[in-house]
Amino acid sequence: MIKLFQYLKKSSGFIVLIIILLLLQAYCDLSLPSYTSNIVDIGIQQGGIENAVPTQISNHTMENITLFLTEEQREFVSQYYIEADNLWILQDIEPEQKQELNTIFSNVMNILYLIETDNPYMEQIKKQIGVEQHQNVIDFIKTLPSKQQSDVTKNILKQFENQPDTVIEQSAIAFLKQEYALQGIDLNALQTQYIIKSGTKMIAFALLIMLAGIGVTFFSCRVAATFGKDIREKVFSKVIDFSSAEFNKFSTASLITRSTNDVQQVQMLMIMIFRIVLYAPILGVGGIMMVLGTNTSMAWIIVVAVALILIVVGGLFAIAMPKFKSLQVLIDKLNLITREILTGIPVIRAFSTERHEEQRFEQANKILTKTTLFANRTMTFMMPSMMLVMNGISVLIVYKGGYGIDAGAMQVGDLMAFIQYTMMIIMSFLMLTIISIMIPRASVSGTRINEVLETEIIIQDIPKVKSCLPEQAGVVCFENVSFCYPDAEERVISDISFTAERGKTTAIIGSTGSGKSTLVNLIPRFFDVTDGRITVDGVDVRELSQKELREKIGYVPQKGILFSGTIESNLRYGKNDATEQQMKKAAEIAQAIDFITQKEEGFDSPIAQGGTNVSGGQKQRLSIARAVIKNPEIYIFDDSFSALDYKTDVVLRKALKKETKDATTIIVAQRISTILHAEQIIVLDEGRIVGKGTHKELLKNCDVYKQIALSQLSETELHDGKEDA
C-alpha cells in the first residue's frame, strides 16, 4: 500500500497546500473555545474588562494602591502611566509587562475591594493590626509612619497570598468596575463592545474554517482523483504488456476488479487521509496543549476518555476486521461468476441450466451480502458507543468542574472551554478509528494493485535490440524449438525445426491438442520458447523489439475478435491511415465486401462489443481483412477459415494467394482441403513433427496425415487434389 504513495509526487504542491489549509483550519477550530470562554468569563462575568490593569485610574485610588507596593513595584508602575487631570493614564505596553502589572494590581485591588465591602475576613485583620471597629483600614495605614506602613501592608498581603488566583482576579475586576463607574465610564457600553468584538472574531474564524474545509476537500479530491487516474493508467499499461503467461496468473475478472474497485478503495482512502488522518493528530495534539493550559487538574479525564475509546474500538475491530479483509476476495469471486454467466448465456440456455447458474450467482451474492452486513452491523455499534463515551465524559467534566468553580479554582468559561477541547481530542481519536475501518480494505486493494504492478513481465525487449537482415526478409525459421507452459511439467511441443520461406505457404495440421496454435503463437512472442530458437528475417525473435517483430506479422487468431465501433474502425485497426480504396480491396479479398455493402451504413455499420452483432463467418472474414490491409511480410492464419463455408473458403484462399504471393504465409488448419496446395505441410502429433512435405508426399510417407485426410476426403478427391481449383 505504502509503495503506491510514490504516485503522489506529481501532486506534492497540492499536498503542501492541503497541509497549510489543515493547519489554518485547526488553528481556527482550537481558537473558538477560548473565545467562547472569554465571552462568558470576561464579556459576561467581568463586564468586558479583560484584566486588573486599569486604562485610567484616579489619583486617590492610585495613592491607595501604592501604599501596598514596594519601592521597586512603584517605579515599575510609574513607567507605564502618566498623570493628567487627576487621572493616571495607561500608555502603550507590551503583553509581558502588562501581565506583570496585572499581577501587581490584582493582589492590591483584591485587598482594597475586601476592605471596601467590609468582608468578614477583614474584621480579623483589623484586630490584628489594631484598627478600631469604626475606622477605615486605609485611613489608619496612612496615619502610620513609613516603616510601620510597610510592615502592615506586607502583613495584610501575606494574609491573602494563598487565595486562588481566580478569586483574586474576580475581586480585582469588581474593584475596577467600581473605579470606572466613579469616573463616569459606561460599563454597559464597555461590555457590549467587548462581546461584539469577540463575536466578530469568532464569525471570522468560522468563515475561515468553512473556506479551509472547502479548500481541503477540493484539493484532496483533486489529488486523489489524479492518483486514481495514474494508478489505473499504470495498471492498464502494465496489463497491456502482459504476455499470455502473466494473463494466466490473473483472471480477467480479477484484473478488472483490481483496476476499478481496488483503485477506487485506495482513492477513497487517499481522500480520507488528507481530510481526516492528517487533520486528526493536529487537532488532537492542539487540543491537549490547550487543555493543559486551561486546567491541568482534570487532565486525567482525557486519559480515561481515550482509554474507553480504545477499548470500544479495539473490541469492534477484532470482530469486524477479518470480514473487511475478505470482502475484496468475495467481490472478485462474484465478478468472475457474473462474467462467466454473461459470456456463456447461449450455452446456458442451450442446456437449460439457467436455474443452476442463478443458484451459483445467488450463493456468491449471498456470501458477499452476509459478510458485508456482518461487518457493517458490527461497526454500527461504534457511533452510539462513542456518543455514550463523549456524553459520559461531559457529565464527568461538569461534575468535577463544579467543585473547581465552587472552590474558586476555575471559572464557568474555563469549564466550557475544557469540555470543548476534550470533545475535540475525543473526536480526533474517533476520526482516526473511523478511517481505520477503510484501511484494511484499502490495504488489501493496494496489495492486489501492487501484485499487478510488480509482476515481472517474462517477455521483454533486450537492452540492445538487433535489426532485421534485408536479404532474409519474411523468412521464419524454427531451430530445435521446444516449449513448456509456465508451471507445467510436460512440454507442449518438442524439437520442432522447419523454415517458412517468403512467397510460399507453410501449413500446420494435426489432431486437436497437438500444439498447432501454440507453435504459431511463439512467432509473435506471445510466449517465449523454452529451448531452441525462432528467427524472423534471420534474427532471433528475442533479439528483435516486440514492436518491430509484430509490425511484420499479420495475425488472424483462431477466434475472430472484433472491437466495439464500426467496420471501418476495425479494419483500420490493421492500418491507421488506410484509404477507403485499401479497405474496399481488403474486404474483397476476405470475401467480406458482399455483406458489408448489403448493410445500410456500409463500412460505417456499427460493431457491438466482441462482434456479437455479426456471425462467426463474418467475424472471421473481417479479421482476415484486418490482417490483409496491413500488408505484412508474414501472414499467420490460426485456423482462421474454420467458420467459413466450403465455397467461401475456396474463393477467399484464391484471392488471398494472389495478394500474399510476396509474403510468407503460415496456416494452421483442421481441414485438408484448406492446405492441399501448400508448398510445405507440417504434420504434428503430440507436439512433435511426424511429417513434412507436400500433400502428395505426405500421403505416401506419413500415416498420421493420411488418416486425417481419409477422415475428410474420399480416395478420388485425395489423389485428384482439385478441391480448391
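In what follows, the structure referred to is the one given above.
Residues numbered from 1 in each chain as written. Predicted model: local features only at pLDDT ≥ 70, side-chain atom pairs only at ≥ 80, totals over all residues. Heavy atoms only, no water.

Chemist: Lay out helix α1 (residues 12-45) in plain terms, naming residues and giving numbers.
Modeler: In an α-helix, one turn spans 3.6 residues; hence positions three or four apart end up facing the same way. Look at α1: 49 Å from first C-alpha to last across 34 residues, which is about the 50 Å you get at 1.5 Å a residue. A bend of about 30° at N38 is the largest found in α1. One or two positions beyond α1, positive phi appears at G47, with a value near 65°. (Helix = DSSP H or I, 4+ residues; strand = E, 2+ residues; numbered from the N terminus. Expected span 1.5 Å × (residues − 1). Bend = angle between axes of the 7 residues up to and from the residue.)

Chemist: How would you explain the packing of aromatic side chains if you had to name every residue and give the values?
Modeler: All chains considered together, the criterion is met by 13 aromatic pairs. Centre to centre, the rings of F563 and Y573 are 4.6 Å apart; their planes meet at 25°, and the pair counts as stacked. Pair noted here: F563 is in the loop between β9 (553-556) and β10 (565-566) and Y573 is in the loop between α20 (567-571) and α21 (580-589), with a separation of 10 residues, a long-range link. By relative accessible area, which is 57% here, Y573 ends up exposed. Ring centres of Y635 and F637 lie 5.8 Å apart, and the angle between their planes is 5°; on these two criteria the pair is classed as stacked. Accessibility assignment for this pair places Y635 and F637 in one class, buried. Of the aromatic side chains, those joined through ring pairs into one cluster are F14, F218 and F219. (Phe/Tyr/Trp six-rings, centres within 6.5 Å; stacked < 30°, edge-to-face > 60°. Buried < 20%, exposed > 50% of the residue type's maximum accessible area, 1.4 Å probe, protein only.)

Chemist: Got a sec to walk through a nonpolar patch on the surface? Specific residues and values, please.
Modeler: A contiguous nonpolar surface patch, about 640 Å² in accessible area, is contributed by L24, I203, L207, L208, M210, L211 and I214. With 6 residues, helix α9 (residues 187-240) is the largest single contributor of residues to the nonpolar patch. Topologically, L207 is positioned in helix α9. Take L207: its relative accessible area is 45%, and that puts it in the partly exposed class. (Patch = residues over 30% accessible without salt bridge, like charges linked within 9 Å, V, L, I, M, F, W, Y side chains within 5 Å. Areas by Shrake-Rupley, 256 points an atom, 1.4 Å probe, with all protein chains shown as cover. Salt bridge = Lys/Arg side-chain N within 4 Å of Asp/Glu carboxyl O.)

Chemist: Pulling in residues and values, what's your account of the pattern of salt bridges?
Modeler: Following the criterion strictly, the structure yields 23 salt bridges and no others. Residue K585 pairs with E659 through a salt bridge whose shortest N-O separation is 3.7 Å. Here E659 lies in helix α24 (residues 646-659) and K585 lies in helix α21, a separation of 74 residues in the sequence. Residue class for K585 comes out partly exposed when judged on its relative accessible area of 44%. Residue E659 is classed as partly exposed on the basis of its relative accessible area, which comes to 23%. Each of K10, K229, D230 and E233 takes part in salt bridges that share partners, so that together they form one network.

Chemist: Report on the pairing of strand β3 (residues 87-90), specifying residues and quantitative values.
Modeler: In the sheet, strand β1 (residues 56-58) pairs with β3 via 3 bridges, with the strands oriented antiparallel. Opposite I57, over in β3, you have W88 as the bridge partner. Pairing geometry for strand β2 (residues 81-84) and β3, over 4 bridges, is antiparallel. Following the sheet pairing, E83 is matched in β3 by W88. Counting the residues that bridge the hairpin from β2 to β3 gives 2 residues, and of these D85 lies at a positive phi of roughly 55°. (Pairing = 2+ DSSP bridges.)

Chemist: Please set out the sheet that holds strand β15 (residues 688-693) residue by residue, giving values where relevant.
Modeler: Across the sheet, 6 strands lie side by side as β9-β12-β13-β6-β14-β15; this open sheet has mixed pairing. The two strands at the open ends of the sheet, each matched to only one other strand, are β9 and β15. Here the strands of the sheet are splayed against their neighbours by 15° on average, with no regard to which way each runs. As defined by bridge partners, strand β6 (residues 505-510) adjoins strand β13 (residues 664-669) across 5 bridges and the pair is classed as parallel. Residue pairing in the sheet places I508 in a bridge with V668 of β13. Across the sheet, helix α23 (residues 616-628) is in contact with β9 and β12 (634-638); its angle to β9 comes to roughly 175°. (Axes fitted to C-alpha atoms, helices over the stretch in contact; angles between N-to-C directions. Contact = heavy atoms within 4.5 Å.)

Chemist: So, unusual backbone geometry: which residues are in play, and what are the values?
Modeler: With phi around 60°, N86 is a residue other than glycine that occupies positive phi space. By secondary structure assignment, the location of N86 is in the loop between β2 and β3. One non-glycine residue, D639, lies in the positive phi region at around 50°. Following the sequence through the fold, D639 ends up in the loop between β12 and α24.

Chemist: Break down the sheet that holds β1 for me, citing the residues and quoting the values.
Modeler: If you trace the 3 strands from one edge of the open sheet to the other, you get β1-β3-β2, paired in antiparallel fashion. This sheet does not close on itself; its edge strands, each paired only once, are β1 and β2. The mean inter-strand angle of the sheet, taken between neighbouring strand axes irrespective of direction, is 25°.

Chemist: Give me the lowdown on the packing of helix α2 (residues 59-66) against helix α4 (residues 95-116), citing residues and values where you can.
Modeler: Axes are the key here: two packed helices are described by the angle between their axes and the distance separating the axes. Running from amino to carboxyl end, α2 crosses α4 at an angle of 105°, the nearest separation of the two axes being 10 Å. Considered as vectors, α2 and α4 are oriented roughly perpendicular to each other. Residues M62, N64 and I65 of α2 lie in contact with α4, whose contacting residues are F105, V108, M109 and L112. Partitioned by chemical class, the residues of the contact of α2 with α4 number 6 nonpolar, 1 polar and no charged. (Parallel < 35°, antiparallel > 145°, perpendicular 65-115°, else oblique. Nonpolar A, V, L, I, M, F, W, Y, C, P; charged D, E, K, R; others polar.)

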